[in-house]
Amino acid sequence: MKYHEILNQGSKILKLNKIKSYSLDSEILLSSLLNVDRSQLIINHNKIVKNNEKKIFFFLINRRKKNEPISYITGYKEFWNNNFKVDKNVLIPRPDTETIVEQVLSYLRPQSTKKILDIGTGSGCIIISILKERKKCKGVGIDISKNAIKLAKYNAKIQHIKNRINFFHSDIDNFLTDKYDLIISNPPYIKQHEINGLEKDIKNYEPRVALNGGIDGYSKIRLTIKKSSALIKKNGKLFLEIGSNQVMETLKILKFNGFFVNKIVKDLANKNRCVVSTKI
Ligand code: GLN
């Protein structure tokens, strides 16, 4: 079977199973399996796929056809120009979350030596991306999931920043060491009863613990802000990702906990996504 034939078959199967990005996904799976760029598949469209590769390809297509996210199948997701290892224990990094990274970097000058805490670090994508750009900053990432911490450590290693970051498996309630110049967090902020209405890719595969913001969607936002207030230095900055409709209530919670709100930043889709505040 030639490259273009197998790609067509793969995308046909995905299309039949209502996967919207069927042809792109077929290409991504084949290129990841053969370890070549997608452009190489097109250039070499008459090249023959080996039999064992063919078997594996259809196995991967089979996973995707059941709505498993492409990043869990390939094991990687690009975020802020870096490739992060991901698996079912962590949320897949979203382009919207790059808004936090952008905001933090615009605040930290290149020679900054600040100490940064990431609450609910998941794959570690936010803090690792920041530390890669600010070579003198140090970081700590915590997460309630032991498996997420394992993965974040691995990501710090492949991104070569292992010596400037520590990861701890800890509940925010039990983490009270040190004071930080800067705290970042993308906490779970979806209302519990809304999770089942999300796309199958998300609701059937991504970790509930990373999505579930409790009955009103604010349980983790509240906790993160309250704890940040104790863990942050005076005049320290908190960068928080929230849902686009959560601004008003989040501002209330921030003010109640002694934060001054600096700005609300929109994401790529022009939706409110990130709140920057200062502990006063
Ligand atoms: N900090 C991680 C991310 O932004 C995980 C967030 C989460 O699990 N809620 O991808």
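Quantities reported herein were computed from a predicted structural model and do not represent experimental measurements.

Participant: Looking at this structure, I do not really get the overall build of the chain. What am I missing?
Facilitator: Per the secondary structure count, the chain includes twelve helices and nine strands. Each of the three principal axes of the chain carries a C-alpha extent, and together these read 65 × 40 × 35 Å. Residues counted as buried form 49% of the 280 residues belonging to the chain. Counting 51 positive and 26 negative side-chain charges, the chain places the averaged centre of each group 3 Å from the other.

Participant: Could you clarify how one ought to interpret helix H11 (residues 219-231) in this entry?
Facilitator: Every α-helix winds through 3.6 residues per turn, so residues three or four apart in the chain are directed the same way. The first and last C-alpha atoms of H11 sit 18 Å apart over 13 residues, in line with the 18 Å expected at 1.5 Å per residue. Every buried residue of H11 is listed here: Ile221, Thr224, Ile225, Lys227, Ser228, Ser229 and Leu231. Next to the buried residues of H11 lie strand S3 (115-119), strand S6 (180-185), strand S7 (232-241), helix H12 (247-256), strand S8 (259-266) and strand S9 (272-279).

Participant: I tried to follow the packing of aromatic side chains on my own but got confused; where do I start?
Facilitator: Across all of its chains, the model carries three aromatic pairs by this definition. Look at Phe57 and Phe58: their rings are 5.2 Å apart centre to centre, the planes differ by 75°, and that puts the pair in the edge-to-face class. Relative accessible area serves as the criterion here: at 0%, Phe57 is assigned to the buried category. Here Phe58 falls in the partly exposed class, since its relative accessible area comes to 22%.

Participant: Honestly, the site of the ligand in this entry has me stumped. Any pointers?
Facilitator: Neighbouring residues of the ligand: Leu91, Thr97, Gly120, Thr121, Gly122, Cys125, Ile126, Asn186, Pro187, Pro188 and Ala210. In this structure, Ala210 approaches the ligand through a main-chain N or O atom, which is 3.0 Å from a nitrogen atom. Burial of the ligand by the surrounding chains reaches 96%, relative to a free accessible area of 300 Å².

Participant: For this particular structure, what's the right way to read the pairing of strand S4 (residues 138-143)?
Facilitator: Buried residues dominate S4, accounting for five of its six residues. Bridge analysis of S3 against S4 gives five bridges, and the strand direction is parallel. Pairing of Ile116 across the sheet is with Gly139, part of S4. Viewed along the sheet, the connection from S3 through helix H7 (residues 125-133) into S4 turns out right-handed. Summarising the sheet, S4 and strand S5 (residues 165-169) pair through five bridges and their orientation is parallel. What sits directly across from Asp143, in S5, is His169. Each parallel crossover has a hand, and for S4 linked through helix H8 (residues 146-158) to S5 it is right-handed.

Rules of the game
- Residues numbered from 1 in each chain as written.
- Predicted model: local features only at pLDDT ≥ 70, side-chain atom pairs only at ≥ 80, totals over all residues.
- Heavy atoms only, no water.
- Helix = DSSP H or I, 4+ residues; strand = E, 2+ residues; numbered from the N terminus.
- Buried < 20%, exposed > 50% of the residue type's maximum accessible area, 1.4 Å probe, protein only.
- Lys, Arg positive; Asp, Glu negative; His and termini not counted.
- Charge placed at Lys NZ, Arg CZ, Asp CG, Glu CD.
- Expected span 1.5 Å × (residues − 1).
- Contact = heavy atoms within 4.5 Å.
- Phe/Tyr/Trp six-rings, centres within 6.5 Å; stacked < 30°, edge-to-face > 60°.
- Near = heavy atom within 4 Å.
- Polar contact = N/O pair within 3.5 Å; in protein donor to acceptor, adjacent residues only side chain to side chain.
- Areas by Shrake-Rupley, 256 points an atom, 1.4 Å probe, with all protein chains shown as cover.
- Pairing = 2+ DSSP bridges.
- Right-handed = clockwise from strand over helix to strand, strands pointing away.

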